[in-house]
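# Structure assessment
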Amino acid sequence: MPRKRKDEQLGNEGKSSKKLRAVECNVDETYAQKLKKKRDQAKKEKQAEKVPSNNNNRTDSSEIILGLKPRTVPYTVKVATPSYLKTNNLIPQLHGYSMGVQKRSLYQSATKCMIDMLSDMQISTMISPFDRRVTSMEWHPTNPDVAVVGSKGGDIMLWDTYNTKKQNFIQGKGSGGNIQAMKFWPQDDSKVVSAGLDGTVTLHDLNGKLSSVLADTMNFYDFWYCSVDVHPVRKFVAAGDNVGKLQFLTYEGKQTFEFRLHKNKITHCEFSPLEEWMLCTASTDQTVQMWDVRMIKDRKSSLYTLKHDKPINSAHFSRTNGCRLLTTDQNSQVRVYLAPEWQLEKTILHPHRFFQHITPIKATWHPLLDLAVIGRYPDPNFSGYHENELRSIDIIDVDSEKVVARLHDPSAPGLVCVNKFNINGDTLLSGMGVNLLLWKRREEAAKIQESLMSKISGKGLDQSSNSGQTRSGRLNQSKRANEKLKKMKESTETKQTKAKLMWKTTEEKQKKKK
């Protein structure tokens, strides 16, 4: 082989090896450059994060690497509102309460549930057991189905709303036997203590046994009792009369205290459910006074005197916690006072004026919430009056001062003066003249009416008669009316016979003189 070719081959091999080395060096350099670029880029990103920029349309490096389009809209964070803030449903509210939501929203949701239930009420039963208007009523303190009702004629009826067969009736005195107030006896559920227009505080036995008189004015033409309450812990009775005197009596009827604490009639007296030593009295002298029964001596021993513009019909402690006092005057004001200093919290305007021949309208509490229940007596002089205004039962939210529900039935268009809820708050008993109205939820009322109609159809009674009314009350009314007619006839006959005899005697005397 010639030497030139060998040199050429060696030169070519050297050149190729140099090229390979250069390529390898170029490869190494490009990899190092890539690492350096990545490190520099990471440093730039960190610096960009630290230094705030006003450019909201900045493109992200990750978007460039992945080949995504640059962002044209800035970052927006949407905060979703929880379900317990969107609705008043009780279940989401309970969940929110467990998560730390304020108790106020929970109270509002519970109030809404109760208001929805109350607005769905309708009359399930209507009876007429008396021949005179209903004047007082009281629910049993532990049994939600039992109530006692009194009338202007002194009649008292124990009504078991669940079992209509269990109805005990005590015949009253008639005129002058008006039952002003009643309370169940703490030691015996079959006994009721009442304050009456006959001047007595009487303990009645609803099982038919003899009643016992705890106090008697001995002159019911001038002095009579208007209010009564029983203290179950200290075991004594408080009674107020028509001249402003307050008496304390033991369970045996022994008088332990008597003094004239008000200038006029004491229309209501009630012990506080929160403090056993506190007593509240309302009077027609336009005042409500708070007393400490341990320190009471005279008028000066009053703890607080709450002055009003008109005479007062009632003053009730709230049944939820006893920290509020609900007063009803004889014109158009319902007031709410707040413990402990009994400052005026709310003044609610409502038409319920006083009239001599109707039972005084009194606002009462709902047992579970601070809702006031009162009958409406439309007044043309009241603001907001309109023609054909209904005589409804108004349920007022004390906090908002608004009527949240109204109960009215076209079959009962009269004036509803007395209203009270049972201890469960699901049944309302109302007095409309001589009628008693029992309000329940629509479903329960429909079931009761269906059962009554089935009984009527089974016994073959007259379908045109009111399905909710008891025939015993109507029969009693008819019997009493017949007795009155007989007496009237007898009196007229006796008058006629006396006139005839007088005429005959005068004729005989004239003949003898001639």
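Anything mentioned here points back to the structure above.
A brief report on the enclosed structure follows. Owing to the predicted nature of the structure, the values given are computational and were not obtained by experimental measurement. (Residues numbered from 1 in each chain as written. Predicted model: local features only at pLDDT ≥ 70, side-chain atom pairs only at ≥ 80, totals over all residues. Heavy atoms only, no water.)

## Topic: a positive patch on the surface
Rules: Here the term patch refers to residues with relative accessible area over 30% and no salt bridge, with like charges joined within 9 Å and nonpolar side chains (Val, Leu, Ile, Met, Phe, Trp, Tyr) within 5 Å. Per-residue accessibility takes into account occlusion by the displayed protein chains alone, with areas from the Shrake-Rupley method and a 1.4 Å probe. The term salt bridge refers to a pairing of a side-chain nitrogen on Lys or Arg with a carboxyl oxygen on Asp or Glu at a separation within 4 Å. Counted as positive: Lys and Arg. Counted as negative: Asp and Glu, with His and the chain ends omitted from the count. Charge positions come from single atoms, namely NZ of Lys, CZ of Arg, CG of Asp or CD of Glu. Here's how the labels work: a residue is buried when its accessible area is under 20% of the maximum for its type, exposed when over 50%, partly exposed in between, all with a 1.4 Å probe on protein chains only.
Residues Arg260, Lys263, Arg299 and Lys307 make up a contiguous surface patch of positive charge. Residue classification places Lys307 among the exposed positions, given a relative accessible area of 64%.

## Description of the environment of Leu368
To keep things clear, this is the line we draw: Secondary structure elements follow DSSP: runs of H or I of four or more residues count as helices, runs of E of two or more count as strands, with numbering from the N terminus. By definition in these notes, contact holds between two residues if any of their heavy atoms fall within 4.5 Å.
Looking at the secondary structure, you find Leu368 in the loop between strand E22 (364-365) and strand E23 (371-375). For Leu368, the contacting residues outside a window of four places in its chain are Met114, Thr320, Ile423 and Asn424.

## Thoughts on the nonpolar core
The condition that has to hold: Only buried residues count toward a nonpolar core. Its members are Ala, Val, Leu, Ile, Met, Phe, Trp, Tyr and Cys residues joined through side-chain atoms within 4.5 Å.
Formed by 28 residues in total, the largest nonpolar core has its most connected members in Met137, Val149, Trp159, Leu326, Leu429 and Leu436. Only strand E2 (134-139), strand E3 (146-151), strand E4 (156-160), strand E20 (333-338), E23 and strand E28 (435-441) provide two or more residues apiece to this core. Broken down by element, this core gets its largest block of residues, three residues, from E2. Ranked by size, the runner-up nonpolar core spans 21 residues in total, among them Ile123, Ile393, Leu407 and Phe421.

## Focus: the sheet that holds strand E16 (residues 287-292)
Selection rule: Two strands are counted as paired when DSSP detects at least two bridges linking them. Note on method: axes are straight lines fitted to C-alpha atoms, helices fitted across the in-contact stretch only, with angles between N-to-C directions ranging 0 to 180 degrees.
Taken in spatial order, the four strands line up as E14-E15-E16-E17 in an open sheet, and their pairing is antiparallel. In the strand order of this sheet, the two ends are held by strand E14 (266-271) and strand E17 (304-307), each with one partner. The mean inter-strand angle of the sheet, taken between neighbouring strand axes irrespective of direction, is 15°. Of the strand pairs in this sheet, strand E15 (residues 278-283) and E16 are connected by five bridges, and their pairing is antiparallel. Across the sheet, residue Thr281 finds its bridge partner in E16, namely Gln289.

## A closer look at the packing of aromatic side chains
In this description, a pair of aromatic rings is defined by centroid distance and the angle of the planes. The cut-off we apply is this: Aromatic rings from Phe, Tyr and Trp, with only the six-membered ring used for Trp, were paired whenever their centres fell within 6.5 Å, and each pair was classed as stacked if the ring planes differed by under 30 degrees, edge-to-face if by over 60, and tilted otherwise.
Here the structure, examined in full by the defined rule, presents seven aromatic pairs. Ring centres 6.0 Å apart and planes at 35° place the aromatic pair Phe130 and Phe169 in the tilted group. Highlighted residues: Phe130 in the loop between strand E1 (121-127) and E2 and Phe169 in strand E5 (residues 167-170), separated in sequence by 39 residues. For Phe130, a relative accessible area of 0% translates into the label buried. An aromatic cluster of at least three residues, connected via ring pairs, comprises Phe236, Phe248, Phe257 and Phe271.

## Looking at the sheet that holds strand E12 (residues 245-250)
Overall, antiparallel pairing links the four strands, which are arranged E10-E11-E12-E13 in an open sheet. Two strands in the sheet have a free side with no partner beyond their single neighbour: strand E10 (225-231) and strand E13 (255-260). The sheet shows a mean angle of 15° between the axes of neighbouring strands, taken without regard to direction. Two elements, E12 and E13, share five bridges in a ladder whose sense is antiparallel. Its bridge partner lying in E13, Gln247 is registered against Glu258.

## Considerations on the pairing of E15
Extensive coverage of E15 is indicated by the burial of six of its six residues. Burial of the side chains of E15 extends over both faces: Met278, Cys280 and Ala282 are buried on one face and Leu279, Thr281 and Ser283 on the other. Where E14 meets E15, five bridges bridge the pair, whose relative direction is antiparallel. For Cys269, the partnering residue across the bridge sits in E15 and is Thr281. A loop of six residues connects E14 with E15, the two strands running antiparallel in sequence. Linking E15 back to E16 in an antiparallel pair, the connection comprises three residues, with Gln286 at a positive phi of about 70°.

## Remarks on the pattern of salt bridges
Using the criterion set out here, one finds 17 salt bridges in the structure. With a closest N to O distance of 3.3 Å, Asp116 and Lys112 form a salt bridge. One end of the pair, Asp116, and the other, Lys112, are both in helix H5 (residues 103-119), four residues apart, so they sit about a helical turn from each other. Judged by relative accessible area, Lys112 falls into the partly exposed class, the value being 39%. Linking Lys245 and Glu258 is a salt bridge whose minimum nitrogen-to-oxygen distance equals 3.9 Å. Linking Lys245 in strand E12 with Glu258 in strand E13, this pair joins segments that are 13 residues apart in sequence. Residue class for Glu258 comes out partly exposed when judged on its relative accessible area of 35%.

Everything listed is a geometric property; what it means functionally is a separate question.
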